[in-house]
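Observations on chain architecture
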Amino acid sequence: MKFISTRSSSEVSFTFEDAILQGYAPDGGLFVPATIPQINSETLERWSGLSFTNLACEILKLFVGEDEVPHEDIDRICSKAYRGFQRDDMVPVLPLAGGVFVAELFHGPTFCFKDFGLRIVINFMAYFAEKRRQRITLLVATTGDTGPAAVKAVEDSGSKFLSIVVHYPHGQISDFQRKQLTTVNSQQVKIVEFEGGGDDMDGPIKNILGSKGLGGDRLVCGVNSFNIGRPLAQIPYFVWTYLRVFELRGISWTDPTKFVLDAIVPTGAMGNLTGGYMAKKMGIPFGTFTAGVNINDITNTVFKTGSIKKSSSAMKRTLSEAINIQLPYNLERLLFYLTDGQHKLIKKWYHSLDNGGETELGSWLEVLQKEFQSARVTDDQLCVTLQHFHNHFGYIADPHTGVAFAAAQEFGYFAGSSDTSDASSKPVAVMGTASPCKFQHAVTVALGEAKWEEYKQASFPKLGLEVLSMPEIPPIHYDIKPGGSLEENQSLWEDSCVKLIESIL
Ligand SMILES: *Cc1c(COP(=O)(O)O)cnc(C)c1O
């Protein structure tokens, strides 16, 4: 399989190795596979008998050519990536009420769905680094879960060729997430705290990733979800979730395509949504995708009005910080697929956006709305929802999954029967993106101190308690120049970051 850019003709193609090591395509677009493999119902039926790991391997083999990475190496990469998950079934899919199911994607080593994408990408990077005998340093800015998942994946890869620098904004990630970063003691891992807004390091990082020749033969790579490896590695759990709901509903394989599953995804950079949509494009019968967003609501504006403009106001603080976003990277991939790969149109739209302008989807909005919808959820609504779920189902959700539950309520998915096998209720899978254990503050705001303590006593994951008990190592700090503008500080931080990368052996 070759990879192409969302902004150029498919005549220019790249290998999978190029695509995941380069992150962005040379023309500024995002990589996508040149074609989407098509799955028929016989294959789907056969897949229903596979373990999660075997299913994921089969799916990845459809996208990564055997000529590039031999199948047995893919098997090895997958089983290494999925080591450290806390459950053998990897993703439990639980019926809640009506037609609503929750896919718990947070039983990985850092309690977040990002373990799936990052551990696959990073183990592929380790594989290519070893093959090239070249050092690779990963560069990450995080407002929450990307940093811990990436750090853990680098550590667990055991590769002496890989290292990572993670930046987080001071005071803007949860205590648990900070501890996941600052308790790692490794020469290959550098943790940096900076004084600024959630995305203030994005510019400096993009500059460094775009500059050639830094640090001699070292490659500096980005693993945020502009990297195609992330959405690709997230396809398997959408397929898995489809198959598990299919079984729970007691559907027969005689006419499987009649069974259509909707999905609701707490949405930030749209990497998760893109993985799901790619699964649908492969022929898995998914219906409507709903994006749940908070008051940083660009996705909601795009889906409702077709108008795209990077938010000019600063990011607003919320209880669901991991989905605070100003312009979701993966919207570009979504638009590429919706327009059936019209790269010239994508290039035109993004030329305008990249230069601070806006874009109108015009008649494409209708195409979008046939498959996507969105709900904007305030913190107050979120708290009411978290209370409701706790009271009615005894279910404690993290604030991001809570946003998706609120969206499910808004679109009436809970209406009707409380019997989850009742075929009359419209089936939908809510993507549970993180464990509540990472979000003490939000859970306490919504449910109160006593419920948090109760949860901590009864259901807190054991591995999580270990994180809490380990000593923290103070992070590196990027200073701000007193009275300096954001641009001046960003330029100072960029210099500090380059020096830091060069200091890693
Ligand atoms: C990153 C994250 C999201 C958003 O996922 P995207 O793929 O960026 O849309 C949702 N929930 C949690 C808990 C996250 O960490």
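A few points on the structure. Just so it is clear, the model here is predicted, and its values are computed rather than measured.

Side note on the packing of helix α5 (residues 114-132) against helix α6 (residues 146-157)
At a closest axis distance of 9 Å, the pairing of α5 and α6 adopts a crossing angle of 40°. Between α5 and α6, the angle is such that the two are oblique. The element α5 and its partner α6 pack so that their crossing is right-handed. Side by side, α5 and α6 meet where K114, D115, L118, R119, I122, N123 and A126 of the first sit next to T146, A149, A150, K152, A153, V154, D156 and S157 of the second. Split into classes, the residues belonging to the contact of α5 with α6 amount to seven nonpolar, three polar and five charged.

Observations regarding empty space enclosed by the protein
Taken as a whole and assessed by the stated rule, the structure comprises one cavity of 30 Å³ or more. For the largest cavity, the calculated volume is near 40 Å³. Residue lining of the largest cavity: F16, I20, L60, I120, V121, F124, G229, L232 and A233, and that is the complete set. Secondary-structure elements contributing two or more residues to the lining of the largest cavity are α1 (16-22), α5 and α9 (229-248). Residues that form the lining of the largest cavity fall into these classes: eight nonpolar, one polar and no charged.

Topic: the layout of surface pockets
Within this model, the second largest pocket holds a volume of roughly 410 Å³. What lines the second largest pocket is a set of 25 residues, among which I173, S174, D175, F439 and H441 lie closest to the centre. Breaking the lining of the second largest pocket down by element, the ones donating at least two residues are α7 (175-182), α17 (440-447) and α18 (449-458). The dominant element in the lining of the second largest pocket, judged by the number of residues it contributes, is α7, at four residues. Grouping the constituent residues of the lining of the second largest pocket by class yields 10 nonpolar, nine polar and six charged.

Comments concerning the packing of helix α8 (residues 202-210) against helix α20 (residues 486-503)
Between α8 and α20, the shortest axis-to-axis distance is 9 Å and the interhelical angle comes to 50°. Taken together, the axes of α8 and α20 lie oblique to each other. In the packing of α8 onto α20, the handedness of the crossing is right-handed. Each of P204, N207 and I208 in α8 lies in contact with α20, whose residues at this interface are Q490, E494, C497, V498 and I501. Looking at side-chain class alone, the contact of α8 with α20 contains five nonpolar, two polar and one charged residues.

Considerations on the site of the ligand
Close to the ligand lie 16 residues; K114, D145, G268, A269 and N272 are nearest. N272 places a polar main-chain atom, nitrogen or oxygen, 2.8 Å from an oxygen atom of the ligand. When isolated, the ligand has an accessible area of 380 Å², and the protein chains bury 97% of it. Looking at side-chain class alone, the shell around the ligand contains eight nonpolar, six polar and two charged residues.

Quick notes on the packing of aromatic side chains
Evaluated as defined, the whole model comprises 40 aromatic pairs. Note on F52 and W240: the rings are 5.4 Å apart at their centroids and 75° apart in plane angle, and the pair reads as edge-to-face. Note that F52 is positioned in helix α3 (residues 52-63) and W240 in helix α9, a separation of 188 residues in sequence. Classification of F52 by relative accessible area gives buried; the value is 2%. Assessed through its relative accessible area of 7%, W240 is described here as buried. Ring geometry for Y277 versus F289: centroids 6.2 Å apart, planes at 85°, classification edge-to-face. Here Y277 is found in helix α10 (residues 271-281), whereas its partner F289 is found in strand β10 (residues 286-293), with 12 residues between them in sequence. Directly above the ring of Y24 sits K206, whose terminal nitrogen or CZ lies 4.6 Å from the centroid. Seen from the ring of W240, R244 lies directly overhead, with NZ or CZ sitting 4.2 Å from the centre.

Observations regarding unusual backbone geometry
Although it is not a glycine, M90 sits at a positive phi angle of roughly 65°. Along the polypeptide, M90 turns up in the loop between α4 (71-81) and β3 (93-97). If you check the backbone angles, M270 has positive phi at about 70° while not being a glycine. Here M270 lies in the loop between β9 (261-266) and α10.

A short note on the pattern of salt bridges
Counted by the stated rule, this structure contains 20 salt bridges. Between E332 and R7 there is a salt bridge; the shortest N-O distance is 2.8 Å. Linking E332 in helix α12 (residues 331-338) with R7 in the loop between β1 (3-5) and α1, this pair joins segments that are 325 residues apart in sequence. Of the two residues, E332 and R7, both sit in the buried class. E58 is paired through a salt bridge with R46; the nearest N and O atoms lie 3.1 Å apart. Here R46 lies in helix α2 (residues 41-47) and E58 lies in helix α3, a separation of 12 residues in the sequence.

Thresholds, definitions, all that
- Along every chain, residues carry numbers that run from 1 in the direction the sequence is written.
- In keeping with the model being predicted, local features are shown solely for residues with a pLDDT of at least 70 and side-chain atom pairs are shown and tallied solely at 80 or more, while totals for entire chains, interfaces and linings include all residues.
- To obtain the side-chain values, all non-hydrogen atoms of the structure were included, while hydrogens and water were left out.
- Note on geometry: axes are lines fitted to C-alpha atoms, helical ones only across the stretch in contact, with angles between N-to-C directions running from 0 to 180 degrees.
- Strands here are runs of E lasting at least two residues and helices are runs of H or I lasting at least four, both read from the DSSP assignment and numbered beginning at the N terminus.
- For this classification, under 35 degrees means roughly parallel, over 145 means roughly antiparallel, 65 to 115 means roughly perpendicular, and everything else is oblique.
- Throughout, a crossing is termed right-handed when the near helix is turned clockwise from the far one, and left-handed when it is turned anticlockwise from it by less than a right angle.
- Contact criterion: two residues are considered in contact whenever any of their non-hydrogen atoms come within 4.5 Å of each other.
- Charged residues are taken to be Asp, Glu, Lys and Arg, nonpolar residues to be Ala, Val, Leu, Ile, Met, Phe, Trp, Tyr, Cys and Pro, and polar residues to be all remaining types, Gly included.
- Buriedness for pockets is judged along seven lines, at least five of which must meet protein on both sides within 12 Å for an open set on the 1 Å grid over protein atoms alone, while cavities are sets there where a 1.4 Å probe fits but cannot get out, and lining residues have an atom within 4 Å of a point.
- Grid points are joined across faces, edges and corners, and a volume is the space filled by probe spheres set on the points.
- One heavy atom suffices: a residue is near a molecule or strand as soon as one of its heavy atoms comes within 4 Å of it.
- Here a polar contact is taken to be a pair of N or O atoms separated by no more than 3.5 Å, where protein atoms must pair a possible hydrogen donor with a possible acceptor and residues adjacent in sequence count only if both atoms sit in side chains.
- Areas reported here follow the Shrake-Rupley algorithm with a probe of radius 1.4 Å; residue values treat only the protein chains shown as occluding.
- By convention, a stacked pair of Phe, Tyr or Trp rings (six-membered ring in the case of Trp) has centres within 6.5 Å and planes under 30 degrees apart, an edge-to-face pair has planes over 60 apart, and any other such pair is tilted.
- Between buried and exposed lies partly exposed: a residue is buried under 20% and exposed over 50% of the maximum accessible area for its type, with that area taken using a 1.4 Å probe on protein chains only.
- Whether a charge sits over a ring comes down to the Lys NZ or Arg CZ being within 6 Å of the ring centre and within 35 degrees of the ring normal.
- One speaks of a salt bridge when a side-chain nitrogen belonging to Lys or Arg is within 4 Å of a carboxyl oxygen belonging to Asp or Glu.

That is the geometry; function is a separate question.
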